[in-house]
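Structural overview
As a plain string of letters, each chain reads:
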Amino acid sequence: TLKGGNIVATFNIKKALGKIILNEDKRNPLNDDILVSELAKQNYKLARRTVAKYRDQMGYPVARLRKKI
């Protein structure tokens, strides 16, 4: 079914997004626009606001709040 496939796709996108965020340079975290570009390299074409929504749902704050010195 389409709905089931959609859930799987969302899960895979969030998994890819989580991996990108976990592997980012903590001194220079990636903003949502860069996250969009990184996901596009993996053939996930999403709007910035969609990436922001998924990042938020996963409990990751915005880039400047993820920054570690």
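Residues numbered from 1 in each chain as written. Predicted model: local features only at pLDDT ≥ 70, side-chain atom pairs only at ≥ 80, totals over all residues. Heavy atoms only, no water.

1. Focus on the overall build of the protein
Selection rule: Strands here are runs of E lasting at least two residues and helices are runs of H or I lasting at least four, both read from the DSSP assignment and numbered beginning at the N terminus. Values of the radius of gyration come from C-alpha atoms, whereas the globule rule sets the reference at 2.2 Å times the count of residues to the power 0.38. Throughout, a contact is declared for two residues whenever any of their heavy atoms are within 4.5 Å. In this description, accessible areas are obtained by the Shrake-Rupley approach with a 1.4 Å probe, and a residue is regarded as covered only by the protein chains that are shown. Under the convention used here, Asp and Glu are negative, Lys and Arg are positive, and both His and the chain ends fall outside the count. Every charge is mapped onto a representative atom, which is NZ of Lys, CZ of Arg, CG of Asp or CD of Glu.
On a plain count of helices and strands, the protein comes out with 4 helices and 0 strands. For the protein, the succession of helices and strands along the chain, N to C, is α-α-α-α. A compact globule built from 69 residues should have a C-alpha radius of gyration of about 11 Å, and the protein, at 12 Å, falls within 12% of that. Its C-alpha atoms put the protein at 45 × 20 × 20 Å along the principal axes. The long-range fraction of contacts in the protein, counting pairs at least 24 apart against all pairs at least 6 apart in sequence, stands at 54%. On the protein, roughly 5,000 Å² of surface is accessible, and the fraction owed to carbon and sulfur atoms is 55%. Taking the 16 positively charged and 6 negatively charged side chains of the protein as two groups, their mean positions are separated by 5 Å.

2. Details of the side chain of Arg55
Threshold: Polar contact is the term for a pair of N or O atoms within 3.5 Å; when the atoms are in protein, one must be able to donate a hydrogen and the other to accept it, and sequence-neighboring residues count only if both atoms are side-chain atoms.
Topologically, Arg55 is positioned in helix 3 (residues 48–57). Only 3.0 Å separates the side chain of Arg55 from the backbone oxygen of Tyr60, close enough to count as a polar contact. If sequence neighbours within four positions are ignored, Arg55 has contacts with Leu17, Ile21, Asp32, Leu35, Tyr60, Pro61, Val62 and Arg66.

3. Observations concerning unusual backbone geometry
The following threshold applies: Residue burial is assigned from relative accessible area. The probe radius is 1.4 Å, only protein chains are included, and a residue is buried under 20% of its type maximum, exposed over 50%, and partly exposed in between.
Located in the positive-phi region is Asn43, a residue other than glycine, with phi close to 65 degrees. You can see Asn43 is positioned in the loop between helix 2 (32–41) and helix 3. For Asn43, a relative accessible area of 63% corresponds to the exposed category.

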